[in-house]
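# Reading the structure
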Amino acid sequence: PGDGGPFITLPMVFSKNPENGKRNCGMYRMQVYDERTTGMHWQTQKQGAEHYRRLLQRGKDARMPVAVAIGADPATMYSAILPLPPDLDEMMIAGFLRRESVGMVQCETCDLEVPANAEIVLEGYVIPGETRREGPFGDHTGYYSLDDDYPVFHVECITHRQNPIYAATIVGPPPMEDFYMGRAVERIFLPLMKMQIPEIRDVALPPEGVVHNLMLISIRKSYPGQARKVMHAIWGLGQAMSTKVIVVVDEDVDVQNSSEVAWRALNNIDPERDIEFVHGPVDTLDHASRLQDYGSKMGVDATKKLPSEGFTRRWPDVLKMSPEVKTRVDALWKKAGL
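I will try to describe carefully the structure that is included in this document. (Residues numbered from 1 in each chain as written. Predicted model: local features only at pLDDT ≥ 70, side-chain atom pairs only at ≥ 80, totals over all residues. Heavy atoms only, no water.)

## Observations regarding the overall build of the protein chain
In terms of regular secondary structure, the protein chain is built from eight helices and 17 strands. Here the C-alpha coordinates of the protein chain stretch approximately 70 × 50 × 40 Å along the principal axes. Counting every position in the protein chain, which comprises 338 residues, the buried fraction comes to 46%. Within the protein chain, counting contacts between residues at least 6 apart in sequence, those at least 24 apart form 64% of the total. Each charge class in the protein chain can be summarised by its mean position, and for the 38 positive and 46 negative side chains these summaries are 7 Å apart. (Helix = DSSP H or I, 4+ residues; strand = E, 2+ residues; numbered from the N terminus. Buried < 20%, exposed > 50% of the residue type's maximum accessible area, 1.4 Å probe, protein only. Contact = heavy atoms within 4.5 Å. Lys, Arg positive; Asp, Glu negative; His and termini not counted. Charge placed at Lys NZ, Arg CZ, Asp CG, Glu CD.)

Written out as structure tokens, the structure is:
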């Protein structure tokens, strides 16, 4: 009820890097202003916004062509949200997920391509420097993201399939559909993250963290300061830079079990020694940050402390029930019918 207007919530927005012509496909909400214009919610750190800034910096009175595809096969739509490196084509990754290439077709009015199986296509342009108030929007954080000025998308042409299916998603307090999309990102990109940060064993993004507010990481720790090294690597890794809180635990901790992580972390930290604060980019939707897109982040080193890290006492062992006792207790519970 508090939305600033109707929104297109599941668009695949296509643009080109004005310097090298590389294609980008991102998913940016679009507030419908009237029959010809919408907002274009290009958050600061997104590639669509970078294309817009580069064109704006040229100082030319030029239009930026944009095409929006609504509805396609699930893998193609999903690819628009993936945290890929700049200029890596989302349609190529969609082909990998589909196990066959994505057929692309030329737009009717601009030099852009869209998926051939798209249900609806909006073709148009953005004028660098032209903005309009956009929002508020009931977002995936569970809060209304604040209204602000964003570029305006002008629609020049609409094409569609016969009897098109309009694709949309609903967001709100987690877990909603977007949580499960984020969960898939967590699993799909874990091998890539391990390649870049090899000590990582597993990563979890709990629903309460709405993807960017909390990351739990287990590592194979071998040397002093390694947990902090991992934190800073994550904060320098693409869209992961917006992660507000990172908790690092040892490899024997199941990060998919938030209760276990909380137990181990709360036992293993000396707050003054093991909590680190940094400043840097934060998610645009982080309403608690001191400034939009800029604020503080926290890293928690909940790993076992080493003598080489200045820990002079003996680190205690975790209390574990022996296999024999566990088997005996299980048998007694079963015998009791409980």
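## Focus on the sheet that holds strand β17 (residues 294–301)
Reading across from one edge, β13-β14-β15-β17-β16 is the order of the five strands in this open sheet, with mixed pairing throughout. Each edge of the open sheet carries a strand with a single partner, namely β13 (200–204) and β16 (275–281). The mean inter-strand angle of the sheet, taken between neighbouring strand axes irrespective of direction, is 20 degrees. Alignment of β16 against β17, held across seven bridges, turns out to be antiparallel. Paired with V278 across the two strands is K297, which belongs to β17. (Pairing = 2+ DSSP bridges. Axes fitted to C-alpha atoms, helices over the stretch in contact; angles between N-to-C directions.)

## A look at the layout of surface pockets
Summary: where empty space remains is shown by rolling a probe the size of a single water molecule over the atoms. Of the pockets and cavities examined, the second largest pocket occupies roughly 600 Å³. In terms of lining, the second largest pocket is formed by 23 residues, of which the most central are N268, K304, W315, P316 and V318. Within the lining of the second largest pocket, the residues separate by chemical class into nine nonpolar, two polar and 12 charged. (1 Å grid on protein atoms, 1.4 Å probe; cavity = no way out; pocket = protein on both sides within 12 Å on 5 of 7 lines; lining within 4 Å. Points joined across faces, edges and corners; volume = space filled by probe spheres on them. Nonpolar A, V, L, I, M, F, W, Y, C, P; charged D, E, K, R; others polar.)

## Examining the side chain of S289
Along the chain, S289 turns up in the loop between β16 and β17. Polar side-chain contacts of S289 include one of 3.0 Å to the backbone oxygen of D286. When near neighbours in sequence (up to four residues on either side) are disregarded, S289 contacts V282, Y294 and G295. (Polar contact = N/O pair within 3.5 Å; in protein donor to acceptor, adjacent residues only side chain to side chain.)

## Describing the packing of aromatic side chains
Taken as a whole, this structure holds five aromatic pairs when the rule is applied. Pairing F7 with F137 gives two aromatic rings, centres 4.6 Å apart and planes at 50 degrees, and the pair type is tilted. Residue F7 is found in strand β1 (residues 7–8), and its partner F137 is found in strand β10 (residues 137–138); the two are separated by 130 residues along the sequence. When the ring centre of Y125 is taken as origin, the NZ or CZ atom of R63, which lies over that ring, is 3.8 Å away. Between the NZ or CZ atom of R132 and the centre of the ring of Y33, over which it lies, the distance is 3.9 Å. (Phe/Tyr/Trp six-rings, centres within 6.5 Å; stacked < 30°, edge-to-face > 60°. Lys NZ or Arg CZ within 6 Å of the ring centre and 35° of its normal.)

## As for the environment of Y166
Residue position: Y166 is located in the loop between β12 (148–160) and α4 (177–196). Distance in space between the C-alpha atoms of Y166 and R290 is 38 Å, their sequence separation being 124 residues.

## Points about the sheet that holds β12
Read from one edge to the other, the open sheet built from six strands follows the order β3-β2-β6-β9-β12-β5, with strand pairing classed as antiparallel. The sheet is open, and its two borders are formed by β3 (23–26) and β5 (37–39), each paired with just one other strand. Looking at each pair of strands side by side, their axes are set apart by 35 degrees on average, direction ignored. In the sheet, strand β2 (residues 11–16) pairs with strand β6 (residues 64–70) via four bridges, with the strands oriented antiparallel. Looking across to β6, one finds that P11 is bridged to I70. Its contacts with the sheet place helix α1 (residues 47–57) against β2, β3, β6, β9 (120–134) and β12, and it is angled at close to 60 degrees to β9. On the sheet, helix α3 (residues 90–98) packs against β2 and β3 and is oriented at approximately 65 degrees with respect to β3.

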